[in-house]
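Close look at the chain arrangement
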Amino acid sequence: MFQHVEPYPGDPILSLNEAFQKDPRPQRINLSIGIYFDDAGRIPMLPSVREAERRVVEAAGARPYLPMEGAANMRSAVQDLLFGAGHPALAAGRVATIQSVGSSGGLKVGADFIKRWFPDSAVYLSDPTWDNHRAVFEGAFLECRSYPYYDATTGGLRFDAMCEALRAAPERSVVLLHACCHNPTGVDLTPAQWRELVPVLRERRLIPFLDLAYQGYGDGIEEDAQAVRLLADEGLGFFVANSFSKSMSLYGERCGALSVVCPDAAQAERVLGQLKFTIRRNYSNPPLHGGQLVARVLGDADLRAMWQAEVDGMRQRIQAMRQALHAVLSAKRPGRDFGYFLTQRGMFSYTGLSPAQVDRLKDEFGVYLVRSGRMCVAGLNTGNVEATANAMAAVLG
Ligand code: PMP
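Conventions we followed
- Residues numbered from 1 in each chain as written.
- Predicted model: local features only at pLDDT ≥ 70, side-chain atom pairs only at ≥ 80, totals over all residues.
- Helix = DSSP H or I, 4+ residues; strand = E, 2+ residues; numbered from the N terminus.
- Rg over C-alpha atoms; globule rule 2.2 N^0.38 Å.
- Buried ≥ 20, exposed ≤ 12 C-beta atoms within 10 Å, placed from the backbone.
- Contact = placed C-beta atoms within 7 Å.
- Near = placed C-beta within 6 Å.
- Expected span 1.5 Å × (residues − 1).
- Arc of directions from axis to C-beta.
- Axes fitted to C-alpha atoms, helices over the stretch in contact; angles between N-to-C directions.
- Parallel < 35°, antiparallel > 145°, perpendicular 65-115°, else oblique.
- Left-handed = near helix turned anticlockwise from the far one by under 90°.
- Pairing = 2+ DSSP bridges.
- Domains from an automatic or database assignment.
- Nonpolar A, V, L, I, M, F, W, Y, C, P; charged D, E, K, R; others polar.
- pLDDT = per-residue confidence, 0-100.
- UniProt positions renumbered as here; feature names shortened; annotations may be inferred.

**A look at the overall build of the protein chain**
Counting its regular elements, the protein chain contains 15 helices and 13 strands. A compact globule built from 397 residues should have a C-alpha radius of gyration of about 21 Å, and the protein chain, at 21 Å, falls within 12% of that. Seen through its principal axes, the protein chain has C-alpha atoms that stretch 60 × 55 × 55 Å. Within the protein chain, buried positions represent 46% of all 397 residues. Residue pairs at least 24 apart in sequence account for 76% of intrachain contacts in the protein chain once pairs closer than 6 positions are excluded.

Okay, here's the thing in structure tokens:
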């Protein structure tokens with residue numbers, strides 16, 4: 001009956017993670033998967049989220065279904081977080097927001113919506129991008145193309161080439177943009193470059209789709225929402241999928257949202273209706289618990305302040321690891337410029353290592369990176385950063 005079903009080759013990053021788990025070497029170091037680990041190598045339970053959970057559990061009673069679009073308190077808390085409370089687009093009722101099953105779910109609901117209402121639009125992805133972007137949009141039967149992004153010679157951004165490619169894109173093309181902390185490279189647009197991008201998006205009537213999976217890991221919670229706020233201030237219509245997996249360390253609770261900024265309230269209402277329909281025929285409605293943790297943290301002034309300090313701490317710890325890695329590598333390989341480790345933002349850095357060098361790191365030193373050379377800097381800690389830097393210096397030859 002199922003003879004014709006082809007084997008699933010597996011997800012390269014998740015497979016690597018499984019190989020790491022099976023590796024018997026006690027000193028092995030996992031810098032492959034995109035998870036924030038604390039200095040003791042553990043996934044943190046944030047005290048603000050723990051306290052929110054205590055309150056949610058204490059108040060919990062019956063477990064009704066949520067509406068298709070999710071919990072109202074979570075949705076409005078997300079809107080305030082992304083746009084800033086009282087933003088004119090929110091006040092005008094121009095933003096349609098649904099609670100999603102992680103931001104992956106938000107990307108998928110958005111992709112299905114785009115296929116239904118913009119069936120001829122292709123989706124432009126940065127070169128490179130998170131592998132699952134292509135999988136999600138192609139899975140919604142949309143054509144994916146790419147625009148230049150990462151500059152391998154400088155470890156920076158090919159901004160002019162990016163703008164040129166977008167200027168040549170057909171009208172109403174969808175442009176997937178990482179709002180901060182680009183995955184996999186760590187290379188972001190500067191605020192000035194975001195401002196330069198706006199007329200390109202406007203003139204070509206492009207449809208921006210922001211992916212904000214690492215809010216707080218770049219420059220801060222507010223700072224990392226700047227791209228969202230800029231596009232909203234400029235009056236553009238766009239999509240934004242955001243995640244709490246990393247920022248609240250709520251990976252398995254699958255907390256995220258999708259917001260669509262529309263020209264007016266009437267259109268926003270119709271868009272929300274169609275998003276609900278997409279959800280209804282996929283999974284009907286989102287789960288209750290995780291979204292309520294998010295709503296509690298964001299909705300209580302004390303917990304919100306606690307969370308902000310916790311996110312600041314995670315970001316600063318990553319920054320300290322970047323400094324430490326940079327210091328050891330610069331000392332061991334004085335002829336080489338490792339400055340990109342300091343300028344790149346967020347959880348990831350493109351190390352510039354070749355697949356063969358990445359294989360050597362794993363086989364000889366037990367240091368696991370993705371074969372593209374992507375390193376999850378958030379997997380470094382005071383106990384393993386020096387060993388990692390030494391191993392890297394060795395394979396760099
Ligand atoms: N977008 C990007 C760029 C990501 O790196 C990730 C997680 N690896 C996601 C979206 C999805 O995150 P989640 O579904 O856990 O919210």
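**Some details on the site of the ligand**
Every residue lining the ligand is accounted for by G34, G102, S103, S104, W130, H178, N183, D211, A213, S243, S245 and G256. The element contributing the most residues to the shell around the ligand is helix 5 (residues 102-117), with three residues.

**Side note on unusual backbone geometry**
Between D127 and P128 the backbone carries a cis peptide bond, its omega angle lying at 0°. With respect to the element layout, P128 can be found in the loop between strand 3 (123-127) and helix 6 (131-139). Look at the link from N183 to P184: it is a cis peptide, with omega at 20°. By secondary structure assignment, the location of P184 is in the loop between strand 7 (174-178) and helix 8 (191-203). Unlike most non-glycine residues, R254 shows phi in positive territory, near 60°.

**Quick word on helix 10 (residues 265-280)**
Here helix 10 contains 16 residues, and its C-alpha end-to-end distance of 22 Å stays within 8% of the 22 Å for a straight helix at 1.5 Å per residue. Listed as buried for helix 10 are A268, V271, L275, T278 and I279. Taken end-on, helix 10 shows its buried residues confined to a sector of 95°, consistent with a single buried face. Exposed side of helix 10, more than 90 degrees from the buried face: A266 and R280 are the residues found there.

**Comments concerning the environment of N282**
Within the element layout of this structure, N282 appears in the loop between helix 10 and helix 11 (289-299). Distance from N282 to E18, taken between C-alpha atoms, is 29 Å for residues 264 residues apart in sequence.

**Quick look at the packing of helix 14 (residues 355-365) against helix 15 (residues 385-395)**
It is the contact of helix 14 with helix 15, at a shortest axis distance of 10 Å, that shows an interaxial angle of 125°. In terms of orientation, helix 14 and helix 15 fall into the oblique class. Like other packed secondary-structure pairs, helix 14 and helix 15 cross with a definite hand, here right-handed. Note on element contacts: helix 15 touches helix 14 through A391, M392 and V395, opposite Q357, R360, L361 and F365.

**Observations concerning the pairing of strand 2 (residues 95-101)**
Regular strands place their side chains on alternate faces of the sheet. Counting buried residues in strand 2 gives seven out of seven residues, a clear majority hidden from the surface. Burial along strand 2 is two-sided: V95, T97, Q99 and V101 and A96, I98 and S100, pointing in opposite directions, are all buried. Where strand 2 meets strand 10 (residues 255-261), seven bridges bridge the pair, whose relative direction is antiparallel. By the bridge assignment, I98 is partnered in strand 10 with L258.

**Concerning the domain arrangement of the protein chain**
Taken domain by domain, the protein chain comprises domain 1 (12-45 + 304-395) and domain 2 (65-299). Counting residues at the interface gives 26 residues for domain 1, matched by 23 residues for domain 2. Elements that contribute at least two residues to the side of domain 1 that touches domain 2 include exactly helix 12 (301-332) and strand 11 (348-350). Here the side of domain 1 that touches domain 2 gets eight residues from one element, more than from any other, and that element is helix 12. A breakdown of the residues in the side of domain 1 that touches domain 2 according to their chemical character gives 14 nonpolar, seven polar and five charged.

**Some points on the confidence of the model for the protein chain**
Residues with a pLDDT of 70 or more make up 100% of the protein chain, whose mean pLDDT is 96. Among the scores for the predicted complex, ipTM is 0.99 and pTM is 0.96.

**Here's the deal with the UniProt feature "domain: Aminotransferase class I/classII large" (unreviewed entry) in the protein chain**
Taking the UniProt record as the reference, the feature "domain: Aminotransferase class I/classII large" (unreviewed entry) is found at residues 29-390. The span residues 29-390 carries 45% helix and 15% strand; its end-to-end C-alpha distance comes to 13 Å.

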